[in-house]
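# Commentary on secondary and tertiary structure
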Amino acid sequence: MATATPEAFMARALTLARRGLYTTDPNPRVGCVLVKRRQIVGEGYHVRAGEPHAEIHALSDAGGAAKGATAYVTLEPCAHHGRTGPCAQALVDAGVKKVVAAMQDPHAAVAGKGFAMLREAGIEVECGLLEDEARALNPGFLSRMTRGRPFVRMKMAMSLDGRTAMRSGESQWITGPRARTEVQRLRARSSAVISGVDSIIFDNSRLTVRASQLDLEDGEAIARRQPLRVIVDSTLRLPLAAACLSEPGRTLIASCSRDAERRTRLEAAGAEVLCLPSGADGRVDLVALLEYLAREEQTNEVLLETGATLAGGMLDAELVDEMQLFVAPTLLGGEARPLVALPGLERMAQQRPLDILDMRAVGRDWRIIARPQRQSP
């Protein structure tokens, strides 16, 4: 490589890790590069859960050249037996002399144990190189490990006057093909897609990843893993003929209704029904939902695709970590539906500020990536 520096080798490992953006779930995306005499002798990345980790691929690629090499890995090597063996031990057995990791693994089964295993074997360990970039690659995994809930990314399409649908509920299509491709990629990288029942009723959304719209070379393979579809439906109003119920993959209805007959009918139509406690507003407790998804479904990243009410509820509860807003160069008028329904905002002092992280053109539309500023301490 042009610049043989530790930063360049770790950057290469991060590039490799990104190849697993759509496939490693629920595991983190990890890349590894083995370097000897300032030359890469082996490299690899984690492709999918249950298969060898990045370090194993890199060691296999290097063969005997791994002995005496330095390993650059984007996450602390694991030290436990899961579906695969401990990578830290594999590095020890291969004779690697040094390991440079971007960050420590927050998973309780690792969390420094991999580094300890390496040091006990006499291997030099460094941690923290390009850590911010490594953390940005796995926001969902880190959120699940440290907060007990997924990373929530809210996607919404709106007109220049901040409207998301006509008063009738009609919303297809506000944005153009390029923006819709980006949305498909957001779905593909997500563990779950959450929507409200009203959005499903109005649009009959399928909430699926469609290979033809991903515009990726391996789109067909990526689309085989459909994210979990989660419909927030407090009173079990989802139509039995809803298109999402007949699509590949699972549809989970989160409800606080005790209507056994309606539940039986929905389950017969192909849904799974999850009964959760209700919040103060009588609707599904959104915190309980996210905690369930993290704990029981190993959900890392959630894509929230919904209407104003559920979007407002998630924002009001400070459960949205990132917003991706696709803005179309069109006007829908004052009678059209607003972006979010945030309760209790009457004075400018109550506004909800955002930090803009990125803004760029996507075809004929604009995409704004923003982070809500936290209101609570």
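What you see is a predicted model, and the numbers here were worked out from it, not measured in a lab.

Turning to the layout of surface pockets, a few remarks are in order. Roughly 850 Å³ of internal volume is contained in the second largest pocket. Surrounding the second largest pocket, 28 residues form its lining, A136, P139, F151, R153 and E322 being those nearest its centre. Within the residue set of the lining of the second largest pocket, elements represented by two or more residues are helix 5 (131–137), helix 6 (139–147), strand 6 (151–159), helix 7 (177–189), strand 13 (322–328), strand 15 (354–362) and strand 16 (365–372). For the lining of the second largest pocket, the residue count by class is twelve nonpolar, two polar and 14 charged. Structurally, the lining of the second largest pocket is a two-domain feature, drawing no fewer than three residues from each of domain 1 (6–136) and domain 2 (148–372).

Residues annotated by UniProt as "binding site: NADP(+)" (unreviewed entry) correspond here to A157, W173, S234, G307, A308, T309, L310, A311, G312 and G313. In summary, the annotated positions, distributed over 157 residues, remain apart in three dimensions as well, the widest C-alpha pair reaching 27.5 Å. Summarising the element assignment, W173 is placed in the loop between strand 7 (163–165) and helix 7. Counting through the fold element by element, L310 comes out in helix 13 (residues 308–316). The residues touching L310, leaving out its near neighbours within four places in the chain, are I194, S195, G196, V232, L286 and L304.

Here we come to the packing of aromatic side chains. Taken as a whole and judged by the stated rule, the model has one aromatic pair. Measuring from ring centre to ring centre gives 5.4 Å for F9 and Y72, while their planes differ by 40°; the resulting arrangement is tilted. With F9 in helix 1 (residues 6–18) and Y72 in strand 3 (residues 70–73), this pair connects stretches of sequence that are 63 residues apart. In this pair, the class of F9 matches that of Y72, namely buried. A cation sits over an aromatic face here: R337 above F202, 4.1 Å from the ring centre.

One open sheet holds the nine strands; their spatial order is 11-10-9-8-12-6-13-16-15, and the pairing between them is mixed. Both edges of this open sheet fall to strand 11 (272–275) and strand 15, since each of them pairs with a single strand only. Averaged over all adjacent pairs, the angle separating strand axes in this sheet is 25°, with direction ignored. Across five bridges, the pairing between strand 6 and strand 12 (residues 301–305) is parallel. Looking at the pairing, K155 lines up with E305 of strand 12.

What counts and how
- Residues numbered from 1 in each chain as written.
- Predicted model: local features only at pLDDT ≥ 70, side-chain atom pairs only at ≥ 80, totals over all residues.
- Heavy atoms only, no water.
- 1 Å grid on protein atoms, 1.4 Å probe; cavity = no way out; pocket = protein on both sides within 12 Å on 5 of 7 lines; lining within 4 Å.
- Points joined across faces, edges and corners; volume = space filled by probe spheres on them.
- Helix = DSSP H or I, 4+ residues; strand = E, 2+ residues; numbered from the N terminus.
- Nonpolar A, V, L, I, M, F, W, Y, C, P; charged D, E, K, R; others polar.
- Domains from an automatic or database assignment.
- UniProt positions renumbered as here; feature names shortened; annotations may be inferred.
- Contact = heavy atoms within 4.5 Å.
- Phe/Tyr/Trp six-rings, centres within 6.5 Å; stacked < 30°, edge-to-face > 60°.
- Buried < 20%, exposed > 50% of the residue type's maximum accessible area, 1.4 Å probe, protein only.
- Lys NZ or Arg CZ within 6 Å of the ring centre and 35° of its normal.
- Pairing = 2+ DSSP bridges.
- Axes fitted to C-alpha atoms, helices over the stretch in contact; angles between N-to-C directions.

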